[in-house]
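# A structural walkthrough
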Amino acid sequence: MKIKMLEPLGVKEEKIMQAAKRIMDAGHEFIFCDRPLTKEEKIERAKDADVLVIANSPLTADIIDAAENLKMISVGFTGVDHVDLDACKRKGVRVCNAQGYATDSTAEMTVAMMLACLRNIVPYDAEVRNGGTINGYTHNTLKGKTIGIVGTGAIGRRVGEITKAFGCKLIGYDVYENPEALALGMEYKSIEDVFAQSDIVTLHAPLLESTKHIANKERIGLMKKTGILVNCARGPLVDSQALADALNEGKIAKAGIDVYEMEPPIPADHPLLNAKNVILTPHVAFYSEESLEYRVGIVCDNIQAWLDGNPINVKL
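Below, the structure is looked at part by part. Because the structure is predicted, anything quoted here is derived from the model rather than measured.

So, about the sheet that holds strand β5 (residues 94-96). With parallel pairing, 5 strands are arranged side by side in an open sheet as β2-β1-β3-β4-β5. Looking along the sheet, the strands with just one partner apiece sit at the ends: β2 (29-31) and β5. Adjacent strand axes in the sheet meet at a mean angle of 15 degrees, parallel and antiparallel pairs treated alike. Pairing between strand β1 (residues 2-5) and strand β3 (residues 51-54): 3 bridges, direction parallel. What sits directly across from I3, in β3, is V51. Here helix α13 (residues 289-307) sits on the sheet and contacts β1, β2, β3, β4 (72-75) and β5; the angle it forms with β4, its principal contact strand, is near 155 degrees.

Below is the structure:
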């Protein structure tokens, strides 16, 4: 079978080929990709592929339909909302994700956002470079804060573990109460109570129709004036205009945002670019050398398991 990467995975070719060695030793062809491809190049490359490997770039219906032999997609990412699943379903294509590859990386970035907001790390850097001092900023500790975790899957629970070690109280919202989260001491509440009672609300839900703008104007309006909102999950979980308005009007204190409605670069007129008291990063929470190497292993394991007739990490 022909297995083709449609985008780089952030790891050197030799490490990817080492991870794919078992697959190639069985007689399958594994074709590396070392640069971002145009849509036309993706369509051309996909035409004779049996398996496609992607990360987080969109995989649209026209690319999927062009791949006449396509049987399986191994997604080097946790979310699969950037894949046209309807087109996959129509063709009977199996879709597997890299569940868990960036749990620690994303959780650590989430807590880093919290600490940066509480301790004014970004504005202090600018103050020192411009000859300033403390300049009237207020400081707060993470210890003792109530952390509201929206989405208590693996990443949400890991954030809970880390913040509990700081001495935080955990409350959470999810469709189902997770036994591991309960064992951490998390108290489940309604989504409205999580927004209203938390010092910091952090989002870790998947992007579904039901979770789009889960942080909307009304719920952001429930937050404390001293509240902080962190989103290192999926951009559309937040109504960006509503968040920008709340920050500019002083209805909440701060925010840390790593994800947007589109992949960076974000447009110059994006509301958060001109909002007060917000830290913006270019979708890097998942990104660490350790997490990228780990996901290459998962991507190849997914393909091998599917070839063996026992698919894992199945999303479709």
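Back to the write-up after that little detour.
In terms of residue burial, strand β6 (residues 146-150) counts as a mostly covered element, since 5 of its 5 residues are buried. The alternating pattern of β6 places T146, G148 and V150 and I147 and I149 on opposite faces, both of which are buried. Examined bridge by bridge, β6 and strand β7 (residues 169-173) share 5 bridges and lie parallel to one another. Looking at the pairing, I149 lines up with G172 of β7. With helix α8 (residues 154-165) bridging β6 and its parallel neighbour β7, the resulting β-α-β unit is right-handed. Pairing analysis gives 4 bridges linking β6 to strand β9 (residues 200-203), with the strands arranged parallel. Of the residues in β9, the one forming a bridge with I147 is I200.

Here we take up unusual backbone geometry. Cis geometry is adopted by the peptide bond preceding P265, which originates at P264 and carries an omega value of 10 degrees. Of note, P265 is situated in the loop between β11 (254-257) and β12 (278-280). Of note, the phi angle at N120 is positive, near 55 degrees, even though the residue is not glycine. For N120, the position within the fold is in the loop between α6 (103-119) and α7 (121-129). The exposure class assigned to N120 is buried, which follows from its relative accessible area of 5%.

Take the packing of aromatic side chains next. For the coordinates displayed, the defined rule picks out 4 aromatic pairs. Centroid distance Y124 to Y137: 5.1 Å. Interplanar angle 75 degrees. Geometry classified as edge-to-face. Here Y137 lies in the loop between α7 and β6 and Y124 lies in helix α7, a separation of 13 residues in the sequence. The exposure class of Y137 is partly exposed, given its relative accessible area of 28%. Here the aromatic residues F77, Y101, F286 and Y287 are joined through ring pairs into a cluster of three or more.

Now for the pattern of salt bridges. On inspection of all chains with the given rule, the structure shows 19 salt bridges. The shortest N-O distance in the salt bridge between R35 and E41 comes to 2.8 Å. Judged by relative accessible area, R35 falls into the partly exposed class, the value being 40%. Between K189 and E187 there is a salt bridge; the shortest N-O distance is 3.3 Å. According to the relative accessible area criterion, E187 is partly exposed, its value standing at 39%. One salt-bridge network, in which partners are shared between bridges, spans K2, K4 and D48.

By the element assignment, R234 lies in the loop between β10 (228-231) and α12 (240-248). A distance of 2.8 Å separates a polar atom in the side chain of R234 from a polar atom in the side chain of D81. Once residues lying within four places of it in the same chain are set aside, the contact partners of R234 are F77, D81, H82, A205, L207, V259 and H283.

Conventions and cut-offs
Residues numbered from 1 in each chain as written. Predicted model: local features only at pLDDT ≥ 70, side-chain atom pairs only at ≥ 80, totals over all residues. Heavy atoms only, no water. Pairing = 2+ DSSP bridges. Helix = DSSP H or I, 4+ residues; strand = E, 2+ residues; numbered from the N terminus. Axes fitted to C-alpha atoms, helices over the stretch in contact; angles between N-to-C directions. Contact = heavy atoms within 4.5 Å. Buried < 20%, exposed > 50% of the residue type's maximum accessible area, 1.4 Å probe, protein only. Right-handed = clockwise from strand over helix to strand, strands pointing away. Phe/Tyr/Trp six-rings, centres within 6.5 Å; stacked < 30°, edge-to-face > 60°. Salt bridge = Lys/Arg side-chain N within 4 Å of Asp/Glu carboxyl O. Polar contact = N/O pair within 3.5 Å; in protein donor to acceptor, adjacent residues only side chain to side chain.

In short, geometric facts, not functional conclusions.
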